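Results of the structural survey
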Amino acid sequence: MEPDDSEGQRLQRKAGELARLAEETWRSELGHAWALLTTFLIAIALWSSRSDVVGGLLVLAVPLHVYPILLQRLLRWRIQQLGGATP
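A brief look at the structure comes next.

Conventions used here
- Residue positions are given per chain, counting from 1 as you read along its sequence in written order.
- Totals for whole chains, interfaces and linings use all residues, but because this is a predicted model, local features are given only for residues with pLDDT of at least 70 and pairs of side-chain atoms are given and counted only at 80 or more.
- As a convention, hydrogens and water are excluded, and side-chain values are obtained from all of the structure's heavy atoms.
- Here a strand is any run of E in DSSP of at least two residues, a helix any run of H or I of at least four, and the numbering for each starts at the N terminus.
- Partly exposed residues are those whose accessible area sits between 20% and 50% of the maximum for their type, while under 20% is buried and over 50% is exposed, using a 1.4 Å probe and protein chains only.
- For helices, the fitted axis covers only the stretch in contact; all axes are lines through C-alpha atoms, and the angles between them, taken along N-to-C directions, range from 0 to 180 degrees.
- Roughly parallel means an angle under 35 degrees; roughly antiparallel means over 145; roughly perpendicular covers 65 to 115; every other angle is labelled oblique.
- Should the near helix be turned anticlockwise from the far one by less than a right angle, the crossing is left-handed, and should it be turned clockwise, the crossing is right-handed.
- Here the term charged refers only to Asp, Glu, Lys and Arg, the term nonpolar to Ala, Val, Leu, Ile, Met, Phe, Trp, Tyr, Cys and Pro, and the term polar to all other amino acids, Gly among them.
- What makes a salt bridge here is a side-chain nitrogen of Lys or Arg within 4 Å of a carboxyl oxygen of Asp or Glu, nothing more.
- In this scheme, a helix's expected span is set at 1.5 Å multiplied by one less than its residue total.
- Bend at a given residue is defined as the angle between two axes, one fitted to the seven residues that end at that position and one fitted to the seven that begin there.
- Here, residues are in contact when the closest pair of their heavy atoms is within 4.5 Å.
- Patch membership requires over 30% relative accessible area and the absence of a salt bridge. Like charges are linked within 9 Å, and nonpolar side chains (Val, Leu, Ile, Met, Phe, Trp, Tyr) within 5 Å.
- Note on areas: Shrake-Rupley with a 1.4 Å probe; residue coverage comes only from the protein chains shown.

Here we take up the environment of G31. In this structure, G31 sits in helix 1 (residues 7–46). What makes G31 partly exposed here is its relative accessible area of 40%. Considered as a pair, G31 and I69 are 38 residues apart in the sequence and their alpha carbons are 9.0 Å apart.

Running from amino to carboxyl end, helix 1 crosses helix 2 (residues 51–82) at an angle of 165°, the nearest separation of the two axes being 9 Å. Classified by the interaxial angle, the pair formed by helix 1 and helix 2 is roughly antiparallel. Two packed elements cross with a definite hand, and for helix 1 against helix 2 that hand is left-handed. Grouping the constituent residues of the contact of helix 1 with helix 2 by class yields 23 nonpolar, 7 polar and 3 charged.

In this structure the tally under the stated criterion is 5 salt bridges. For E29, the salt bridge identified is with R73, shortest N-O distance 2.6 Å. Here the residue E29 occupies a position in helix 1, and R73 occupies one in helix 2, the gap between them amounting to 44 residues. Overall, the relative accessible area of 8% leaves E29 in the buried class. Through salt bridges with shared partners, a single network forms among E29, R73 and R76.

Moving on to helix 2. Spanning 32 residues, helix 2 covers 46 Å between terminal C-alpha atoms, matching the ideal 46 Å at 1.5 Å per step. The sharpest bend along helix 2 reaches about 40° and sits at A61, with the proline P63 one to four residues further on. Listed in full, the buried residues belonging to helix 2 are V54, A61, H65, P68, I69, Q72, R76 and I79. Where helix 2 is buried, its residues touch helix 1. One or two steps after helix 2, the chain reaches G83, where phi turns positive at roughly 105°.

The next subject is a nonpolar patch on the surface. A cluster of nonpolar side chains, contributed by W26, L30, W34, L37, L41 and I44, occupies part of the molecular surface with about 640 Å² of accessible area. The topology assignment puts L41 in helix 1.

The next thing to look at is the side chain of Q72. Summarising the element assignment, Q72 is placed in helix 2. Ignoring sequence-local partners within four residues, the contact set of Q72 consists of T25, S28 and E29.

What follows is the structure, given as structure tokens:
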């Protein structure tokens, strides 16, 4: 940090970083949501021919996609509590 930075400049920079982080969490959540949707579509397509595989796909979908989606939402809520903008 530069010694001539004012408090206002530092706060403005931190607010910008929080807004950028909020945007990144939104993009990450969206990526996991698309992957979850794709997993469900694959499970539906395989239902009649490979029903034994469908259960495994859906069990893996929770820790690989649902949990990260919820985690990103929680992180964005915490950023909002700190005063960062949310998308």
